[in-house]
Amino acid sequence: MDQIKYEDFAKVEFMVGEIKEAVKVEESDKLIRMRVDFGEENLRTVFSGIYKSYKPEELLGKKTVFVTNIIPRKIMGEPSEAMIFAAEENEMVSILILDKEVKNGSKVF
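This write-up is about the structure you can find in this document.

## Looking at the overall build of the protein
Along the protein, the regular secondary structure elements total two helices and 10 strands. Starting at the N terminus and walking to the C terminus, you meet the elements of the protein as α-β-β-β-α-β-β-β-β-β-β-β. Taking 109 residues into account, the globule formula puts the C-alpha radius of gyration at 13 Å, and the protein, at 14 Å, falls close to it. Overall, the protein is about 40 × 35 × 30 Å in size when its C-alpha atoms are taken along their principal axes. Counting only residues that meet the buried cut, the protein has 38% of its 109 residues in that class. Pairs at least 24 residues apart make up 55% of the contacts formed inside the protein by residues separated by at least 6 positions. Here the protein has roughly 7600 Å² of accessible surface; of this, 52% comes from carbon and sulfur atoms. Looking at the protein, you have 17 positive and 21 negative side-chain charges, and the mean spots of the two groups are 2 Å apart.

## Details of a nonpolar patch on the surface
The grouping of Ile-4, Tyr-6 and Phe-9 at the surface amounts to a nonpolar patch, some 380 Å² of accessible area in total. Inspection of the secondary structure assignment puts Ile-4 in the segment before helix 1 (6-9).

## What to know about the pattern of salt bridges
Summed over the entire model, instances satisfying the criterion amount to six salt bridges. A salt bridge links Glu-13 to Lys-107; its shortest N-O distance comes to 2.8 Å. Here the residue Glu-13 occupies a position in the loop between helix 1 and strand 1 (14-24), and Lys-107 occupies one in strand 10 (residues 107-108), the gap between them amounting to 94 residues. Take Lys-107: its relative accessible area is 54%, and that puts it in the exposed class. For the salt bridge of Arg-33 with Glu-21, the shortest nitrogen-to-oxygen distance reads 3.3 Å. Taken together, the residues Arg-33 in strand 2 (residues 32-37) and Glu-21 in strand 1 connect sequence positions 12 residues apart. On the basis of relative accessible area, Glu-21 is assigned to the partly exposed category, the value being 35%.

## Concerning the environment of Ser-28
Looking at the element boundaries, Ser-28 is found in the loop between strand 1 and strand 2. In this structure the C-alpha to C-alpha distance between Ser-28 and Asp-2, which are 26 residues apart in sequence, comes to 32 Å. For Ser-28, the side chain forms a polar contact with the main-chain nitrogen of Lys-30, separated by 3.1 Å.

## A closer look at the environment of Met-15
The residue Met-15 is located in strand 1 in this model. Taking C-alpha positions, Met-15 is 6.4 Å from Val-67, a pair spaced 52 residues apart along the chain. Residue contacts for Met-15: discarding those within four places in its chain leaves Phe-38, Thr-64, Val-65, Phe-66, Thr-68, Gly-105, Ser-106, Lys-107 and Val-108.

Reading the values: rules and limits
- Throughout, residues of each chain are indexed from 1 in the direction in which the sequence is written.
- The predicted nature of this model means local features are confined to residues of pLDDT at least 70 and side-chain atom pairs, given and counted, to a pLDDT of 80 or more, with totals for whole chains, interfaces and linings taken over all residues.
- The side-chain numbers reported here are obtained from all heavy atoms of the structure, hydrogens and water having been left aside.
- Strands are runs of DSSP state E lasting at least 2 residues, helices are runs of H or I lasting at least 4, and numbering of each runs from the N terminus.
- Taken over C-alpha atoms, the radius of gyration is set against a globule rule of 2.2 Å times the number of residues to the power 0.38.
- Relative accessibility decides the category of a residue: with a 1.4 Å probe and only protein chains considered, values under 20% of the type maximum give buried, values over 50% give exposed, and everything between is partly exposed.
- Residue contacts are defined here by distance: any two heavy atoms, one from each residue, within 4.5 Å place the two residues in contact.
- Accessibility throughout is a Shrake-Rupley quantity obtained with a 1.4 Å probe, and a residue counts as covered only by protein chains that appear here.
- Positive charge is attributed to Lys and Arg, negative charge to Asp and Glu, and no charge count is given to His or to the chain ends.
- For this purpose, a charge sits on NZ of Lys, CZ of Arg, CG of Asp or CD of Glu.
- Like charges are joined within 9 Å and nonpolar side chains (Val, Leu, Ile, Met, Phe, Trp, Tyr) within 5 Å, but only among residues with over 30% relative accessible area and no salt bridge; these make up the patches.
- Salt bridges are defined by distance alone: a side-chain nitrogen of Lys or Arg within 4 Å of a carboxyl oxygen of Asp or Glu.
- N or O atoms closer than or at 3.5 Å make up a polar contact, with two conditions inside protein: a donor-capable atom paired with an acceptor-capable one, and, for residues adjacent in sequence, both atoms drawn from side chains.

Structure below.
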């Protein structure tokens, strides 16, 4: 990958979100539709192709990191309003889970 300037990285907003709702998208073999709480009545819909690694009920209540200033993208007719942070190895995905309690909507740097 190309290297980027610090100013480019600084344009990305990373925020803690708590997964309040998660359901498998029936029309897809990999998509999960989540409702994520970013604090201060900021609930967003997020789609992610993580079903092969996570069942929806495993995600409930998890706090993880999202990119929140991404332009929404329509998936299955609905906007996906953030992007979850995860690592992948051999097609298995692991979302980044916080090791201490922090408030929903906290900035990540």
